[in-house]
Amino acid sequence: MPELNLVLLGPPGSGKGTQGERLNADLHLPYYATGDILRGAVRDQTALGKSAKEYMDRGDLVPDELIVGIIAERIDSEEARQGFILDGFPRTTPQAEALDAKLGELGREVSSVLLIDVSDDEVVRRLGGRRTCEAEGHVYHVEFNPPKVEGVCDIDGSPLIVRDDDKPDVIRKRLATYHEKTEPLVAYYDAKGVLERVDGAREPSEVTDELRGILAAVGS
Ligand code: AP5
């Protein structure tokens, strides 16, 4: 299989994590979700976690310099030689430029950017009902994707929690942050000819099928 360097782009709650898990199972590529990495650091009370927490809790992005090095290191690792799936990175133009620079150093480039498009109203509806596995970040929704046993992760049996940033006022702030800081990346990647838009306001399995179709074409 040719190298596949993938970026999942989209507003909070668009389904990046949901689809990322499925693509990860299909493609067996390392999956780097910066939100999960940062929440892990907060949980473990590392220096990164202590710096990141206040930004995350109010729905702001953490500063670029806190996250760029972490991703650069993973992309340059042995496990990512055949490619990777990025979820939540890049999120600003400087992050996208840093990703290009790192890949350029390695003689590589972004293969495809999958934009999962949903409206702000749908985001608010989804994040209000999201439940997240405390141990590994597996994602559920009380209505659209419930676990088999209420409050318990199907995959690893750990408790399902409401994320600190899934409160209504923080959700609105995260959406505003997305429109201001991350949405410009749509034009950035469109200009490079690697952007694919997918309507995310459908059943999760329909979205997955479309993503698989796109990736089959990219990988052939
Ligand atoms: P992060 O964890 O990346 O949050 P996010 O981008 O806001 O994305 P979410 O995890 O909220 O949503 P998602 O798109 O993965 O949707 P999901 O699949 O869960 O980042 C958190 C914070 O970390 C940021 O605010 C920032 O502070 C910081 N951060 C992270 N990366 C950073 C970076 N690069 N630079 C700076 N700061 C950074 O789905 C949502 C819900 O909808 C679930 O309940 C799911 O079950 C349900 N659902 C999914 N698909 C469907 C569907 N098709 N139909 C119905 N329901 C669905």
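Everything that follows concerns the structure shown earlier in this document.
Just so it is clear, the structure is predicted and the values come from calculations on it, not from any experiment.

Some words on the sheet that holds strand E1 (residues 4-9)
No. 1: With parallel pairing, five strands are arranged side by side in an open sheet as E2-E3-E1-E4-E8. The open sheet has two free edges, formed respectively by strand E2 (31-33) and strand E8 (195-199), since each of these has just one partner strand. Direction aside, the axes of adjacent strands within the sheet are offset by 20° on average.
No. 2: Running at roughly 130° to E8, helix H8 (residues 184-191) makes contact with E1, strand E4 (112-117) and E8 of the sheet.

Some remarks on the pairing of E1
No. 1: The element E1 is largely enclosed, with a buried count of six among its six residues.
No. 2: Here E1 shows no split at all, with Leu4, Leu6 and Leu8 on one side and Asn5, Val7 and Leu9 on the other all buried.
No. 3: Alignment of E1 against strand E3 (residues 83-87), held across five bridges, turns out to be parallel. Across the sheet, the residue bridging to asparagine 5 is phenylalanine 84, located in E3.
No. 4: Here four bridges tie E1 to E4, and the two strands are oriented parallel to one another. The partner of leucine 8 across the bridge, within E4, is leucine 114.

Notes on the site of the ligand
No. 1: Contacts to the ligand come from 36 residues, most closely from Thr18, Asp60, Arg91, Arg130 and Arg174.
No. 2: Glycine 17 has a polar backbone atom sitting 2.8 Å from an oxygen atom of the ligand.
No. 3: For the ligand, a nitrogen atom lies 2.7 Å from a polar atom in the side chain of threonine 34.
No. 4: Protein contacts shield 96% of the accessible area of the ligand, which totals 1000 Å² for the unbound molecule.
No. 5: Where the shell around the ligand is concerned, the elements lending two or more residues are helix H1 (16-27), helix H2 (34-43), helix H6 (120-128) and strand E6 (139-141).
No. 6: Ranked by residue count, the leading element in the shell around the ligand is H2, at four residues.
No. 7: Per-class residue counts for the shell around the ligand are 13 nonpolar, twelve polar and eleven charged.

Notes on the pattern of salt bridges
No. 1: Counted by the stated rule, this structure contains 20 salt bridges.
No. 2: Of the charged contacts in the structure, one is a salt bridge between aspartate 166 and arginine 174, with a shortest N-O distance of 3.0 Å.
No. 3: With a closest N to O distance of 3.9 Å, aspartate 190 and arginine 197 form a salt bridge.
No. 4: A relative accessible area of 38% places aspartate 190 in the partly exposed class.
No. 5: With a relative accessible area of 46%, arginine 197 lands in the partly exposed category.
No. 6: The structure contains a network of salt bridges with shared partners spanning Arg130, Arg163, Asp165, Asp166 and Arg174.

Description of helix H3 (residues 47-57)
No. 1: Those residues of H3 that sit buried are Leu48, Gly49, Ala52 and Met56. In an axial view of H3, the angular spread of the buried residues amounts to 80°, which keeps them on one side of the axis. Relative to its buried face, H3 has exposed residues pointing more than 90 degrees away, namely Ala47 and Lys50.
No. 2: Those residues of H3 that are buried lie in contact with H2, helix H4 (64-75) and helix H7 (168-182).
No. 3: Phi turns positive one or two residues past the end of H3, at glycine 59, with a value near 85°.

Procedures and definitions
- Counting restarts for each chain: residues are numbered from 1 in the order of the written sequence.
- Owing to the predicted nature of the model, reporting of local features is limited to residues with pLDDT of at least 70; listing and counting of side-chain atom pairs is limited to 80 or more, with chain, interface and lining totals taken over all residues.
- Computation of side-chain values: all heavy atoms of the structure, hydrogens and water removed.
- Strands qualify as paired when DSSP identifies two bridges or more between them.
- Think of it this way: any DSSP run of H or I at least four residues long counts as a helix, any run of E at least two long counts as a strand, and we number them from the N terminus.
- Interaxial angles span 0 to 180 degrees and are taken between N-to-C directions of axes, which are lines fitted to C-alpha atoms, for helices over the stretch in contact.
- Residue contacts are counted whenever heavy atoms from the two residues lie within 4.5 Å of one another.
- A simple rule labels every residue: compare its accessible area, found with a 1.4 Å probe on the protein chains alone, to the largest value its type can have, and call it buried under 20%, exposed over 50%, or partly exposed in between.
- Put simply, a residue is near a molecule or strand once any heavy atom of it comes within 4 Å of that molecule or strand.
- A 3.5 Å cut-off defines polar contacts: any pair of N or O atoms within that distance qualifies, except that in protein one atom must be a possible hydrogen donor and the other a possible acceptor, and neighbouring residues in sequence count only when both atoms are side-chain atoms.
- With residues, only the protein chains shown are counted as cover, and all accessible areas are computed by Shrake-Rupley using a 1.4 Å probe.
- Asp, Glu, Lys and Arg are counted as charged, while Ala, Val, Leu, Ile, Met, Phe, Trp, Tyr, Cys and Pro are counted as nonpolar; the rest, among them Gly, fall into the polar class.
- Only one rule defines a salt bridge in this text: a Lys or Arg side-chain nitrogen within 4 Å of an Asp or Glu carboxyl oxygen.
- When we speak of the arc, we mean the arc of directions from the helix axis to the C-beta atoms.

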